[in-house]
Amino acid sequence: MNAASFYAQAPKHLVAVDCIIFGFDEGKLKLLVMKRKVAPMEGEWSLVGGFVQAEESTDDAAGRVLKLTTGLENIYMDQLHCYGEVNRDTGARVISVAYYALIRIRDHDRPLAQEHGAHWLELHEIPTLIFDHNRMINDALVQLRNNAHFHPIGFELLPEKFTLSQLRSLYEEIYQKTLDKRNFRKKILSLDVMEKLEEKDKTSSKKGAHLYRFDPARYEALMRKGLVFEI
């Protein structure tokens, strides 16, 4: 059998990408979901996604979907898992490659997201989504927690300048547990990957709290010297 016949006789499947988009706002970890606009299950809650086009890799497709919905490029994105159960999509035989992304909510194009029917919901507000999308979210949360424990990906969710209290709140949201304030401060400062600024955040007190900024160059330099990042 020649190559043309081999490929012609092979079964054809649709390939999609689904994006689990996390953001952090007002002390809460949030997820971007939308109302599905096509049948089947039109009007039901869904992750942000789309089909992979002929000229695209799955990474390119995920990047396109993210930009189309949020207006953002060059954001943190990681491939999560391939979901290929035969009957996972009631519309057709669809294999989905899922990605999770971390964005700064204040940076995204809010009107663009609203135009696409997208909404930010807190984790406890996530309803039943179509197909296997809730499973994707659960898997993404596990992966997020594992990665946040040993890599500084949490800083991708914070504004450029942040307080230690904001940083602790973020990790409490990621891990869904309360962290000891003193121990967290001691641990994060011991890593020496942040720059302490002269500016202060005075929104919650007259004295204010010092602002910090993550220093990626210093982090990379320390990693080369054997730094173990662990929170």
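Above this text you will find the structure in question.
The text that follows walks through the structure, step by step, so that each part is easy to find.

So, how was this worked out
Residues numbered from 1 in each chain as written. Predicted model: local features only at pLDDT ≥ 70, side-chain atom pairs only at ≥ 80, totals over all residues. Heavy atoms only, no water. Core = buried A, V, L, I, M, F, W, Y, C linked by side-chain atoms within 4.5 Å. Buried < 20%, exposed > 50% of the residue type's maximum accessible area, 1.4 Å probe, protein only. Contact = heavy atoms within 4.5 Å. Helix = DSSP H or I, 4+ residues; strand = E, 2+ residues; numbered from the N terminus. Polar contact = N/O pair within 3.5 Å; in protein donor to acceptor, adjacent residues only side chain to side chain. Axes fitted to C-alpha atoms, helices over the stretch in contact; angles between N-to-C directions. Parallel < 35°, antiparallel > 145°, perpendicular 65-115°, else oblique. Nonpolar A, V, L, I, M, F, W, Y, C, P; charged D, E, K, R; others polar.

Formed by 45 residues in total, the largest nonpolar core has its most connected members in I20, F22, F155, L167, Y171, I188 and M194. Residue contacts for Y171: discarding those within four places in its chain leaves A148, H151, G154, L179, F184, F229 and I231. Counting 20 residues, the second-largest nonpolar core is a separate cluster that includes V52, A61, L72 and V97.

On to the environment of D89. For D89, the position within the fold is in the loop between β5 (76–83) and β6 (94–103). Since its relative accessible area comes to 13%, D89 is described here as buried. Once the C-alpha coordinates of D89 and V52 are considered, the two residues, 37 residues apart in sequence, prove to be 15 Å apart. What D89 contacts, discounting residues up to four positions off in sequence, is V94 and F131. Separated by 2.8 Å, the side chain of D89 and the backbone nitrogen of G91 make a polar contact.

Attention now moves to the environment of E115. Its location among the elements puts E115 in helix α3 (residues 110–115). For the pair E115 and T69, spaced 46 residues apart in the sequence, the C-alpha separation amounts to 8.5 Å.

Right, let's talk about the packing of helix α5 (residues 164–175) against helix α6 (residues 181–190) for a bit. Where α5 contacts α6, the two axes come as close as 11 Å, and the packing angle between them is 105°. As judged from the angle between their axes, α5 and α6 are roughly perpendicular. Each of L164, L167, R168 and Y171 in α5 lies in contact with α6, whose residues at this interface are K181, F184, R185, I188 and L189. Considering only residue class, the contact of α5 with α6 consists of 6 nonpolar, no polar and 3 charged.

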